[in-house]
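# Geometric and topological summary
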Amino acid sequence: MLTNLAQQPADALLALIKLHNADPRANKIDLGVGVYRTEEGATPVFAAIKAAEAKLVQQQDSKAYLGPEGDMGFVTALMPYVFGAANPTMDGRIEGMQAPGGTGALRLAFAVAKRAGVKRYWMGTPSWPNHAQILADLGLELKTFNHATKAGTVDMPALRAAIAEAGEGDAILLHGCCHNPTGIDYTPADWDEIAALVAAKKLLPILDLAYQGLGKGMEEDAYGLRRVLAAVPEALVAYSCDKNFGLYRDRVGAFYLMLADPAGLGAAMSNAHALARASWSQPPDHGAAAVRLILADAGLTAQWLAELDTMRERMRQVRAKLGAAGKAGTADLSPMGSQNGLFSITPLTPEQVLAIREKHGIYMAGSGRINVAGLTMANIDQFIAAVADVTG
Ligand SMILES: Cc1ncc(COP(=O)(O)O)c(C=O)c1O
């Protein structure tokens, strides 16, 4: 039976890493996989995490099971950052649990919504490819609408039309900030409108916040999520700490569920616990415990936030330079200046993406998506000149 299984396509980005590693050119540039990089091209462990890990090794006296909800100290400590310090539980209406990364939290969110009877899921495209893959794996129906215009703004008419077509009891997935892959986020005014539209249509919002602090700032990046939650009776949130704490392979995430009446939270969350138990049983502990130790210590929290500021500031500088470059050949790079987070889409065709790789050693996804953090003050001129060469 097992030999009947058909070959599946390799993950395109992981294949790109291999190609990049095998390229002997000294001036090659990796703009593929989505991890933050320093000006030196490294993805280091945060100093705040290193300090918390040292504390953890010293203090941890057991590795006994915690249960499917994982480290609830971590889950609770994160809530003021996500939902606001003024009312982090929304009057007791929100409860959460730990999940293996943002991916695990998204999988739980989609599966809990399915159990609750959600019929269809709406999502702007392009999106992070795994959204559609998880929905397909769970056998759920996905309806898509266009996320962004060619001019580099959010396609609000497409979003309005999708919500108008959606039926009560459908779910809508929204990227909280730093849209992957376009970098094109909703403005606060857009969020105000979206919150009202989602509430009026009685859709279930599923908010994916995977890059808080890497766009405009911790508070600014939570604006949309908080605006939607304030407008609706029920919502699901998938949160990732893998980028904003640099914990990628440690798989640190959280799932939150909001209800109109706190009395129902226990029953609703028991479904999320049961789904987790049946898939990964319990989330990995280490990274979440390190985050908890950071958030429990004012000095480590300040250090973490300062490291995050440095990362965001570096990406802003790269974006400012791309924006100022304007046209490179026929490619207009100026919209990238005002986009957010790690990603942007260049207007390169698949043939031009191949040409820039072969001729210039610059590796980017076939869609033309680049990881902005792969650019540095040392290689950005080379990148702009290469774009001009392959599009000119
Ligand atoms: C939009 C979006 N959501 C969720 C995730 C999942 O992140 P994690 O690595 O924590 O599973 C990613 C990761 O790339 C992402 O881009």
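Remember, predicted model here, so these are calculated numbers, not experimental data.

Here the focus is the overall build of the protein. Tallying secondary structure elements over the protein gives 13 helices and 13 strands in all. For 392 residues, the compact-globule formula gives about 21 Å, and the C-alpha radius of gyration of the protein, at 21 Å, lands near that figure. Taken over the C-alpha atoms alone, the protein extends approximately 60 × 55 × 55 Å along its principal axes. Evaluated residue by residue, the protein yields a buried proportion of 45% over its 392 residues.

Domains assigned within the protein are domain 1 (10-45 + 312-391) and domain 2 (65-296). In this structure, domain 1 and domain 2 have C-alpha centres spaced 28 Å apart. Across the contact, 16 residues belong to domain 1 and 18 residues belong to domain 2. Looking at the side of domain 1 that touches domain 2, the element that brings in the most residues is strand E11 (residues 343-345), giving 3 residues. Residue classes in the side of domain 1 that touches domain 2 are distributed as 8 nonpolar, 6 polar and 2 charged.

What follows covers the sheet that holds strand E8 (residues 252-258). Across the sheet, which stays open at both edges, the 7 strands sit in the order E2-E8-E7-E6-E5-E3-E4 with mixed pairing between neighbours. Two strands in the sheet have a free side with no partner beyond their single neighbour: strand E2 (94-100) and strand E4 (141-146). Neighbour-to-neighbour, the strand axes of this sheet turn through a mean angle of 20 degrees, independent of strand direction. Here strand E7 (residues 235-240) pairs with E8 via 6 bridges, running antiparallel. When the sheet's bridge partners are listed, Tyr239 is paired in E8 with Ala254.

Buried residues dominate E7, accounting for 6 of its 6 residues. Here E7 shows two buried faces, one formed by Ala235, Val237 and Tyr239 and the other by Leu236, Ala238 and Ser240. The pairing of strand E6 (residues 204-209) with E7 spans 4 bridges and is parallel. Each bridged residue has a counterpart across the sheet, and for Asp208 the counterpart in E7 is Ala238. The β-α-β motif built from E6, the intervening helix H8 (residues 223-231) and the parallel element E7 has right-handed crossover chirality.

The phi angle of most residues is negative, glycine excepted, and most peptide bonds adopt the trans form. Residue Pro126 follows Thr125 across a cis peptide bond; omega there is 0 degrees. Tracing the sequence through the fold places Pro126 in the loop between strand E3 (120-125) and helix H5 (129-137). With an omega of 20 degrees, the peptide bond between Asn180 and Pro181 qualifies as cis. Note on placement: Pro181 falls in the loop between strand E5 (171-175) and helix H7 (188-200). Backbone geometry places Ser281, a non-glycine residue, at a positive phi of 70 degrees. With respect to the helices and strands, the residue Ser281 is situated in the loop between helix H9 (265-279) and helix H10 (286-295). Assessed through the 10 C-beta atoms surrounding it within 10 Å, Ser281 is described here as exposed.

Scoring rules and cut-offs
Residues numbered from 1 in each chain as written. Predicted model: local features only at pLDDT ≥ 70, side-chain atom pairs only at ≥ 80, totals over all residues. Helix = DSSP H or I, 4+ residues; strand = E, 2+ residues; numbered from the N terminus. Rg over C-alpha atoms; globule rule 2.2 N^0.38 Å. Buried ≥ 20, exposed ≤ 12 C-beta atoms within 10 Å, placed from the backbone. Domains from an automatic or database assignment. Contact = placed C-beta atoms within 7 Å. Nonpolar A, V, L, I, M, F, W, Y, C, P; charged D, E, K, R; others polar. Pairing = 2+ DSSP bridges. Axes fitted to C-alpha atoms, helices over the stretch in contact; angles between N-to-C directions. Right-handed = clockwise from strand over helix to strand, strands pointing away.

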